[in-house]
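# Remarks on the overall topology
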Amino acid sequence: MASITHPVTSDYRGRLAPSPTGHLHVGHARTFWAAYERARAAGGALVFRMEDLDAQRSRDEFANAAIEDLRWLGIRWQEGPDLGGQYGPYYQSRRRTFYVDVWRRLLRGGYIYPCKCSRKDLTAAVSAPHEGGSFIEMQDDEPLYPGTCRPAANFTTPPTEMLEGINWRFRVPDGEVIRFEDLALGPVQFVAGVDFGDFLVWRRDGVPSYQLACVADDAAMRITEVVRGADLLKSTARQILLNRALGFENPKWYHCPLVVDHNGQRLAKRHDSLSLRALRLQGLTPMNILSAELPGRV
Ligand code: GLU
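Described in the following lines is the structure provided in the data block. All values reported here derive from a predicted model rather than from experimental measurement.

### Topic: the environment of Leu242
Examined against the element boundaries, Leu242 turns out to sit in helix 6 (residues 233-246). With a relative accessible area of 0%, Leu242 lands in the buried category. It is 7.2 Å that separates the C-alpha atoms of Leu242 and Val215, two residues lying 27 residues apart in sequence. Here Leu242 is in contact with Leu106, Phe170, Phe199, Val201, Gln211, Leu212 and Val215, once residues within four sequence places are set aside.

What follows is the structure, encoded as structure tokens:
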């Protein structure tokens, strides 16, 4: 398996964006390997971005392990937390100014509104998160927002710098069909207000949401192609709306099929027996891990 840094000869820019909330497992290995292969085949750069915004769940130990595990697998990148680069910092926890800037632009454009609903209010108000969609499970998806704090359409948000103590939501265009061509899965579409609702862009604890941070960083880091797991398909629809509101160009998308266990459940970080660390300790090679046989081992 080749593991040398490939020369960059094109404008292609891909990325690896792990969240250091646990050890990486076989599912991550396959997705990140696909990202590496596609960047290499395109003669492009691969950017490693540590998605450590969730201070409660992110740990340095997991961040360092992710770098080590992906290197062990044979993946190489041109920019990242360990290497630096032109578009750093490569830890999301150090990129707050980028996110505040994007939040301000959304606010000025009238795309977002403050929301006082607590997580508890929402759990009481919404049905269970959408499960078992057409061909993949989306259990982790943000539940449909019931609209409790949604202002009237012609509402103008007063100028504010209120980034703590209140949630901010993006108002989705109800009924609009969001379509995109996925390079792995073909045409995909979701309906705003039906498949997903007004989504969080900033959390009351002062942290930007994954959706906001992702579009801010993909734009700032000049990412041209996003390779990630198919559990994030609906997030892509949300990110298309954010990119449009912000005047950012959409990257291309390649969503990898999820690796499932013998019960058909997608692998999660709790599947410790399938963490890359555990498998390496058992003597498995990167080649074994990237081959198709593993899920049966759960
Ligand atoms: N940080 C996310 C994860 O580990 C991936 C986000 C993305 O690729 O957009 O699931």
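### Some words on the packing of helix 3 (residues 96-108) against helix 5 (residues 210-220)
Viewed as axis vectors pointing N to C, helix 3 and helix 5 meet at an angle of 110 degrees, and their least axial separation amounts to 9 Å. With respect to each other, helix 3 and helix 5 are oriented roughly perpendicular. Here Phe98, Tyr99, Val102, Trp103 and Leu106 of helix 3 lie close against helix 5, whose contacting residues are Leu212, Ala213, Ala216, Asp217 and Ala220. Partitioned by chemical class, the residues of the contact of helix 3 with helix 5 number nine nonpolar, no polar and one charged.

### Re the pattern of salt bridges
With the rule as written, the count across this model stands at 20 salt bridges. Two residues, Glu68 and Arg277, come together in a salt bridge whose shortest N-O distance is 2.9 Å. Here Glu68, found in helix 2 (residues 60-73), pairs with Arg277, found in helix 7 (residues 276-281); they are 209 residues apart in sequence, far enough to count as distant. On the basis of relative accessible area, Glu68 is assigned to the partly exposed category, the value being 42%. What emerges from the salt-bridge pattern is a single network uniting Arg15, Arg49, Glu51, Arg95, Asp217 and Asp218.

### Examining the packing of aromatic side chains
Enumeration according to the criterion identifies seven aromatic pairs in this entry. Between Trp33 and Tyr36, the aromatic rings sit 5.2 Å apart at their centres with planes inclined by 65 degrees, giving edge-to-face as the arrangement. With Trp33 and Tyr36 both in helix 1 (residues 26-41) and three residues apart, the pair spans about one turn of that helix. Here the two residues Trp33 and Tyr36 agree in accessibility, since each one is buried. Judged by centre distance (5.1 Å) and plane angle (15 degrees), the ring pair of Phe170 and Phe199 falls under stacked.

Definitions and cut-offs
Residues numbered from 1 in each chain as written. Predicted model: local features only at pLDDT ≥ 70, side-chain atom pairs only at ≥ 80, totals over all residues. Heavy atoms only, no water. Helix = DSSP H or I, 4+ residues; strand = E, 2+ residues; numbered from the N terminus. Buried < 20%, exposed > 50% of the residue type's maximum accessible area, 1.4 Å probe, protein only. Contact = heavy atoms within 4.5 Å. Axes fitted to C-alpha atoms, helices over the stretch in contact; angles between N-to-C directions. Parallel < 35°, antiparallel > 145°, perpendicular 65-115°, else oblique. Nonpolar A, V, L, I, M, F, W, Y, C, P; charged D, E, K, R; others polar. Salt bridge = Lys/Arg side-chain N within 4 Å of Asp/Glu carboxyl O. Phe/Tyr/Trp six-rings, centres within 6.5 Å; stacked < 30°, edge-to-face > 60°.

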